[in-house]
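Now for the letters of each chain:
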Amino acid sequence: MGTIGLAVIGAGYWGPNLVRNAQATPGLRLEYLCDLDADRARRVLGGYSTVRVSDSLDEVLADPAVHAVAIATPAKTHLPVAMAALEAGKHVLVEKPLAATYAEGRELVEAAERRGLTLMLDHTYCYTPAVAHLREQIRSGALGDIQYLDSVRINLGLVQPDVDVLWDLAPHDLSIFLSILPDGVVPLSVAAHGSDPIGAGRACVAHLTLQLSDGVMAHVHVNWLSPTKIRTMVIGGSARTIVWDDLNPSQRLAVYDRGVDRVADDIGPETKAQTLVSYRTGDMVAPALPEREALRAVMAEFQASIAESRPPLTDGRQGLRVLSILEAASASLAQGGAFMPVLGELVAEVSA
C-alpha cells in the first residue's frame with residue numbers, strides 16, 4: 001500500500017494530538033478531521049490547512065481516499081463509530097478503552113478479524129522508550145524473578161462524565177503491565193476499592209490489586225483529586241529493582257542493585273531464628289533513554305501495521321485484555337472490594 005489516507009474522528013481533548021502526529025508521520029496523509037462541531041474542528045486545523053472538515057461520519061467513511069480512521073470520541077461511542085468504520089472497510093485506531101464493555105470490545109475484534117483489517121489501541125505509554133526498556137529488562141531476566149509491581153497515577157485531573165477514575169486512568173497502567181510481563185504471566189483476579197469524596201456519582205479515587213498467575217501481586221493507585229501530579233512505577237525483582245518516574249525527564253528510569261535476599265536454608269537453627277533475610281546494597285544506574293513523543297511512535301506503528309499487514313504491538317486483543325480486567329475491577333468495586341476473577345481473554349491464555 002502507498003500513502004494511507006487517514007481521518008481523525010473527534011476534535012476534543014485528544015483529537016488535536018492525533019492530528020498533529022498524523023501530519024508528521026511518513027506514509028500517512030490526513031484527509032479529514034470529523035467532529036459534530038465543525039467549527040471546533042476548523043479551529044483545531046487553523047485557517048491554512050488543506051485537511052477537510054466534516055460533521056458527518058457517513059461522508060468520511062464513504063470517501064475512498066480514506067483508508068483508516070483514528071477515533072478520539074467518548075468510550076460509549078467507540079462501538080458504533082469503530083464498527084461503522086470497520087464495516088466500511090477502514091482500518092481503525094481507537095483511543096483507550098477499546099469499548100464501554102468487554103462484550104462490545106469482542107464485537108469489534110471479531111469484526112476486524114473477519115475483514116482482515118487492523119484494529120489498534122492507542123495505549124500510548126507502551127510506545128515510550130521507558131516501557132521498551134522495562135520490557136527488555138524483565139523479559140531478559142535482568143531483574144531476576146519479579147516480586148511485585150506498584151504503579152501510582154494521580155493528578156488534579158478532568159473528572160470524566162461517562163466513566164470512573166479506574167476506566168479513565170487505569171488502562172494506562174494495565175496496558176503497560178500486559179506489555180512488560182513475561183509471556184504466560186497474566187492477572188487472574190482483581191480487587192478494587194474506590195471513593196467519591198466530591199459527590200461526582202462515580203469513583204474519583206481508586207486502588208486496584210491484581211493477583212498474577214505466577215503468585216506475584218501488582219497494585220495500581222489512580223486519583224483525579226490530587227493537587228500533586230505523580231506518575232511512578234516500581235518493579236521489584238529478586239536481582240534488581242527499577243523505578244520509573246515519568247515526570248523526571250533527566251532520570252526517567254533508575255535501576256537499583258539493592259534489595260532483600262532470603263537467608264540460605266542450610267544455616268544453623270540459632271542463626272536462622274535471628275536472621276531470616278539479608279539486605280543487599282549495590283549501585284544505582286540511570287540508563288540513558290532517547291526522548292521522543294510516544295504518540296508519534298503510535299502513529300508510525302499504525303501505519304506500519306497496515307502497510308505490512310501485521311498485527312500492531314497494541315492490537316484489539318490487548319484492548320480486550322484490558323477490558324476484562326476493568327470489568328472485574330468494576331464488579332469488585334460493587335462487591336465492596338472482594339477479589340473477582342478476570343474472565344475472557346486472560347483466562348483463555350492461561351488455559352491454552
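Use the structure listed above.
Rules and cut-offs
- Position numbers for residues start from 1 in each chain and track the written sequence from start to end.
- Only residues with pLDDT of at least 70 get local features here, since the model is predicted, and only at 80 or more are side-chain atom pairs given and counted; chain-wide, interface and lining totals rely on the full set of residues.
- Side-chain measures were taken over the full set of non-hydrogen atoms in the model, leaving aside hydrogen atoms and water.
- Fitted lines through C-alpha atoms give the axes, limited to the stretch in contact for helices. The angle between two N-to-C directions lies from 0 to 180 degrees.
- The way it works is that DSSP assigns letters per residue, a run of H or I at least four long becomes a helix, a run of E at least two long becomes a strand, and they are numbered from the N terminus.
- Reported orientations rely on four angle classes, namely roughly parallel under 35 degrees, roughly antiparallel over 145, roughly perpendicular from 65 to 115, and oblique for the rest.
- It only takes one pair of heavy atoms within 4.5 Å for two residues to be counted as in contact.
- In this count, Pro and Cys sit with the nonpolar residues alongside Ala, Val, Leu, Ile, Met, Phe, Trp and Tyr, while Asp, Glu, Lys and Arg are called charged and the others, Gly among them, polar.
- Put simply, two rings from Phe, Tyr or Trp (the six-membered ring, in Trp's case) pair if the centres are within 6.5 Å, and we call them stacked under 30 degrees between planes, edge-to-face over 60, tilted for the rest.
- The rule is simple: take the accessible area with a 1.4 Å probe, protein chains only, and divide by the maximum for that residue type; under 20% is buried, over 50% is exposed, in between is partly exposed.
- Any Lys NZ or Arg CZ found within 6 Å of a ring centre and within 35 degrees of that ring's normal is scored as a charge over the ring.
- Throughout this description, the term nonpolar core refers to a set of buried Ala, Val, Leu, Ile, Met, Phe, Trp, Tyr and Cys residues connected via side-chain atoms within 4.5 Å.
- For each structure, a 1 Å grid was placed over the protein atoms alone; sets of points admitting a 1.4 Å probe that cannot get out are labelled cavities, open sets with protein on both sides within 12 Å along at least five of seven lines are labelled pockets, and lining residues have an atom within 4 Å of a point.
- Grid points are joined across faces, edges and corners, and a volume is the space filled by probe spheres set on the points.

Draft legend 1. View of the packing of helix H6 (residues 129-139) against helix H7 (residues 165-180). For the pair H6 and H7, the least separation of the axes is 9 Å and the interaxial angle reads 40°. Here H6 is positioned oblique relative to H7, judged by the angle of their axes. For the pair H6 and H7, the contacting residues are Val131, Leu134, Arg135, Ile138 and Arg139 in the first and Ile176, Leu178, Ser179 and Ile180 in the second. Per-class residue counts for the contact of H6 with H7 are six nonpolar, one polar and two charged.

Draft legend 2. Spatial organisation of the packing of aromatic side chains. A full pass over the atoms with the stated rule returns two aromatic pairs. Measuring from centroid to centroid gives 6.3 Å for tyrosine 125 and tryptophan 244, while their planes differ by 65°, and the two rings are edge-to-face. Taken as a pair, tyrosine 125 in the loop between strand S6 (119-122) and H6 and tryptophan 244 in strand S12 (residues 241-245) lie far apart in primary sequence, 119 residues in all. Judged by its relative accessible area of 12%, tyrosine 125 falls in the buried class. Judged by relative accessible area, tryptophan 244 falls into the buried class, the value being 3%. It is arginine 153 that lies over the ring of tyrosine 125; its NZ or CZ is 4.4 Å from the centre.

Draft legend 3. Fine view of the nonpolar core. In terms of nonpolar packing, the biggest core is built from 74 residues, with Leu149 and Leu210 touching the most fellow members. Setting aside chain neighbours within four positions, we find leucine 210 in contact with Leu174, Phe177, Pro187, Ser189, Val190, Val216, Met217, Ala218, Val220 and Ile325. Membership of the second largest hydrophobic core comes to 28 residues, among which are Ile4, Ala68, Leu93 and Ile306.

Draft legend 4. Structural context of empty space enclosed by the protein. If you walk through the whole model with that rule in mind, you get one cavity of 30 Å³ or more. Taken as a whole, the largest cavity encloses approximately 50 Å³ of empty space. Lining the largest cavity are Tyr125, Ser151, Val152, Arg153, Asp173, Ile176, Arg231, Thr232, Met233, Trp244 and Asp246. Contributing elements (two or more residues each) for the lining of the largest cavity: strand S7 (146-156), H7 and strand S11 (225-237). Class assignment for the residues of the lining of the largest cavity results in five nonpolar, two polar and four charged.

Draft legend 5. The environment of leucine 61, seen in detail. Here leucine 61 is to be found in helix H3 (residues 57-62). On the basis of relative accessible area, leucine 61 is assigned to the buried category, the value being 9%. Dropping the residues within four chain positions of it, leucine 61 is found in contact with Val69, Ala84, Ala85, Ala88 and Lys90.

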